[in-house]
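Examining the three-dimensional arrangement
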Amino acid sequence: MLIAAALLGVAGCSKMDASLGQQWVDVTFKSSTSLQTIKHIRAACSHIPNVTADALPKQHTVINLMAGVRYDTTQASVANIAQLQECLQKFGAVQGFTPEDASDSGG
């Protein structure tokens with residue numbers, strides 16, 4: 001029983017450590033941005049190493065589309081993130097670029 005509890009504790013700690021190491025960039029768009037434009041921007045910036053766009057929300061409401069795209073940058077270097085920012089800046093529909101990590105989320 002004690003061994004099982006210890007194993008669960010270790011497993012829980014490793015999951016917490018993994019989530020604490022996560023980094024991402026939230027990209028927001030202007031309210032008039034269409035789903036087609038967002039998909040085009042995601043595709044245009046998909047070549048950057050160690051940066052992966054999360055799936056778009058299933059519901060394509062104006063609010064969900066404005067909230068934008070989250071890019072997983074956990075494995076990205078500072079140079080990779082700069083490349084992403086440079087790519088996204090080419091598009092007038094992009095409104096915000098916010099790098100974050102698990103320590104920013106308050107969770």
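Conventions and cut-offs
Residues numbered from 1 in each chain as written. Predicted model: local features only at pLDDT ≥ 70, side-chain atom pairs only at ≥ 80, totals over all residues. Heavy atoms only, no water. Core = buried A, V, L, I, M, F, W, Y, C linked by side-chain atoms within 4.5 Å. Buried < 20%, exposed > 50% of the residue type's maximum accessible area, 1.4 Å probe, protein only. Helix = DSSP H or I, 4+ residues; strand = E, 2+ residues; numbered from the N terminus. Contact = heavy atoms within 4.5 Å. Pairing = 2+ DSSP bridges. Axes fitted to C-alpha atoms, helices over the stretch in contact; angles between N-to-C directions. pLDDT = per-residue confidence, 0-100. Arc of directions from axis to C-beta. Polar contact = N/O pair within 3.5 Å; in protein donor to acceptor, adjacent residues only side chain to side chain.

1. Here we look at the nonpolar core
Counting residues in each nonpolar core, the largest one holds 22 residues, and the members touching the most others are V27, F29, Y71, L84 and L88. The element contributing the most residues to this core is helix 4 (residues 78–88), with 4 residues. Non-local contacts of L84, meaning those with residues more than four positions away in its chain, are made with V25, C45, I48, V51, Y71 and F97.

2. Digging into the sheet that holds strand 4 (residues 94–101)
Overall, antiparallel pairing links the 4 strands, which are arranged 2-3-1-4 in an open sheet. Looking along the sheet, the strands with just one partner apiece sit at the ends: strand 2 (52–53) and strand 4. Bridge analysis of strand 1 (residues 23–29) against strand 3 (residues 69–72) gives 4 bridges, and the strand direction is antiparallel. The residue bridging D26 from the neighbouring strand is R70, located in strand 3. Sheet strands touched by helix 4: strand 1, strand 3 and strand 4. Its angle to strand 4, the strand with the most contacts, is close to 165 degrees.

3. What about the confidence of the model for the protein?
Per-residue confidence for the protein gives a mean pLDDT of 82, with 78% of residues at or over 70. For residues 13–18, every residue scores under 50 in pLDDT, and the model assigns this stretch 0 contacts once sequence neighbours within four places are set aside.

4. Topic: the pairing of strand 3
Regular strands place their side chains on alternate faces of the sheet. Because side chains alternate across strand 3, one face comprises the buried residues V69 and Y71, and the other comprises R70 and D72, none of which is buried. Relative to strand 3, strand 2 runs antiparallel, the two sharing 2 bridges. Its bridge partner being in strand 3, T52 is matched across the sheet by D72.

5. Observations concerning helix 4
Given 3.6 residues per helical turn, the α-helix brings residues three or four places apart onto the same face. Among the residues of helix 4, those classed as buried are N80, I81, L84, C87 and L88. Along the long axis of helix 4, the arc covered by the buried residues comes to 120 degrees, so they all point the same way. Away from its buried face by more than 90 degrees, helix 4 exposes V78 and E86. For helix 4, the elements touching its buried residues are strand 1, helix 2 (35–44), strand 3 and strand 4.

6. Section: the environment of W24
The topology assignment puts W24 in strand 1. Residues W24 and D72, spaced 48 residues apart in sequence, show a C-alpha to C-alpha distance of 4.5 Å. W24 has contacts with R70, Y71, D72, T73, T98, P99, E100, D101 and A102, leaving out every residue within four places of it along the chain. Engagement of the side chain of W24 in a polar contact is seen with the side chain of D26, the distance being 3.4 Å.

7. So, helix 2
When helix 2 is considered as a whole, its buried residues turn out to be L35, I38 and I41. Taken end-on, helix 2 shows its buried residues confined to a sector of 125 degrees, consistent with a single buried face. Residues of helix 2 that are exposed and point over 90 degrees away from its buried face: Q36 and A43. Tucked inside the fold, the buried residues of helix 2 contact strand 1, helix 3 (62–67), strand 3, helix 4 and strand 4.

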